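Fold and contact review
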Amino acid sequence: MEKKRENGLQESPSHLLRQFAIARVLLKTYQQLLFLTIVSHTILYFYKMYALVDCNNFYASCERVFQPQLIGKPIVVLSNNDGCIISRSDEARALEIPMGAPEFKVRNELKQKNIHVFSSNYALYGDLSNRVMKILEGFTPNVEVYSIDEAFLNFDGMPIPDYFSYGLEMKKRTLKWLSIPISVGFASTKALSKVANKIARKFPEKTNGVYLIDNDEKRIKALKWTKIEDVWGIGFRLSKKMKAQQIFTAYDFTLAHNEAFIKKEMGVVGLRLRLELLGESVLEIEEPKARKNIAITRSFAGNITTLSEMKERVSTFATVCAEKLRKQQSCCNAVILYLRKDHHKIQRDRYSFYRLETLPFASNSNITISSAAVQMLEKVFEEGEIYKKAGVIVTDIIPENAKQFQLFEEENPKHQKLMQVIDDFHKRTGERKIKLASQDLERTWTMKQDHLSPKYTTNFNEILTIKC
């Protein structure tokens, strides 16, 4: 027993040394892993990545949100006054319903194929679009709303290890919270993210609606697949010139020997686009900007032939322009009147007419802008002629706080307080009940919308009713 104790005492120092050596190895391994983690996070922090999020068949998808029985059914949405088809579900596309076709030309075909037809419900689409953008802001604060159904996202300073999983989470949350399907394309530039999004949308089974271009091999393969007419910023006319120069794909567009031609035809915009497709980011996320022009133009449901009726319409359009100016805290220095005659009923060499009036002072008052528009109308309107469309455009827009006061002629200071009262009232009630004397108090301008769905989220009287 004594010998065993002595042996145990003799072996204990070596045992401690072995444990100490193991601890040193583990500590060194941990330090290496920690270093690699810090390095990888630092790389991810400075790694530039963009995403383009696109709502699939947005208008059609909005109609399905509150009518889920339409999921899987063919849907088309019509433009203003139920004119042309501007949105199709995948099912309607599969039935070969042409985009942009006038509704009256395909009316029988739509009935024969049991396609559900909707008028444009801009109040619903706009509200759901805002909700989608709010969801996307939960994934990154750097969001550029590109259109009603598209947004660019930037992830600078965000160490995201797996962008594909991040995109799937965007899809999952948007679908769960709003029932709106989206496609997500990730790439190192905005132009490439457009290409990636198109691939995600085109091959949903293989990509699950999310595609990531994160290396040169994927980039080149994607560019060779993308037709030149599908490249961001290249339209139909420009694509014809490109094809004449043997530029048939986005990859051809990036080749060095085509750079001079691109510069000649597209200037610096084309050169930037080429760099973007090559993987060099030159286009940043843009901040929202106040509009340079605001236009309210409408086609009439019936023809207008009298000055009094046209005055009422023009005055209403001018008032809406003024409201939009105040909403973005701007003023305009000039007003443009637009009139168009019905060329199908009157044979004339000229059908469209524009007239511009420069205001003596910058304004966003309903009274001032409407007065200027009506005065121009009185000078150009021809009694007996048939007018089909009119509009008012406010231009030369400046920020409200940059307005310069005039020495001899200035707007009545009461206008500003009056407009504030009108805006507050309309905001509370949701209806334009306070109008100018030149407007019809009983008349509200409406488009032809024979297939209009309820404004489920913006009109309390049309809120969804659930029967229990």
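Further up the page is the structure itself.
Residues numbered from 1 in each chain as written. Predicted model: local features only at pLDDT ≥ 70, side-chain atom pairs only at ≥ 80, totals over all residues. Heavy atoms only, no water.

Moving on, we get to the overall build of the chain. When helices and strands are counted, the chain shows 15 helices and twelve strands. Within the chain, the proportion of its 468 residues that are buried is 41%. Taking the contacts inside the chain whose residues are at least 6 apart along the sequence as the reference set, 68% of them involve residues at least 24 apart. Accessible surface for the chain amounts to roughly 27700 Å². Of this, 54% is attributable to carbon and sulfur atoms. (Helix = DSSP H or I, 4+ residues; strand = E, 2+ residues; numbered from the N terminus. Buried < 20%, exposed > 50% of the residue type's maximum accessible area, 1.4 Å probe, protein only. Contact = heavy atoms within 4.5 Å. Areas by Shrake-Rupley, 256 points an atom, 1.4 Å probe, with all protein chains shown as cover.)

For the rest of this paragraph, the subject is the pairing of strand β2 (residues 75-78). Across the two faces of β2 the burial is the same, with Ile75 and Val77 and Val76 and Leu78 all buried. Pairing of β2 with strand β4 (residues 116-118) involves three bridges; the strand directions are parallel. Bridge pairing links Ile75 to His116 in β4. In sequence, β2 turns back onto strand β3 (residues 85-88) through a hairpin of six residues, with Asn81 there showing a positive phi of about 60°. (Pairing = 2+ DSSP bridges.)

Let us now look at the pattern of salt bridges. Pairs can form between side chains of opposite charge whenever their charged atoms are close. Applying the stated criterion across every chain, the model contains 22 salt bridges. Between Glu150 and Lys194 there is a salt bridge, and its shortest N-O distance comes to 2.9 Å. In this pair, Glu150 sits in strand β6 (residues 150-154) while Lys194 sits in helix α7 (residues 190-202), placing the two residues 44 residues apart along the sequence. Exposure remark for Lys194: the relative accessible area of 19% places this residue in the buried category. We note a salt bridge from Glu229 to Lys243, for which the minimum N-O separation is 3.4 Å. Taken as a pair, Glu229 in the loop between α9 (216-225) and α10 (236-244) and Lys243 in helix α10 lie far apart in primary sequence, 14 residues in all. Exposure remark for Glu229: the relative accessible area of 30% places this residue in the partly exposed category. Where salt bridges share partners, they join Lys48, Asp156 and Glu284 into one cluster. (Salt bridge = Lys/Arg side-chain N within 4 Å of Asp/Glu carboxyl O.)

Take the packing of α7 against α9 next. Any two packed helices are characterised by the angle at which their axes cross and by the distance between the axes. Axis separation between α7 and α9 bottoms out at 10 Å; the angle between their running directions is 70°. Here α7 lies roughly perpendicular to α9, going by the angle between them. Where α7 abuts α9, its residues Leu192, Val195, Lys198, Ile199 and Lys202 lie against Arg219, Ala222, Leu223 and Trp225. Of the residues in the contact of α7 with α9, the class split is six nonpolar, no polar and three charged. (Axes fitted to C-alpha atoms, helices over the stretch in contact; angles between N-to-C directions. Parallel < 35°, antiparallel > 145°, perpendicular 65-115°, else oblique. Nonpolar A, V, L, I, M, F, W, Y, C, P; charged D, E, K, R; others polar.)

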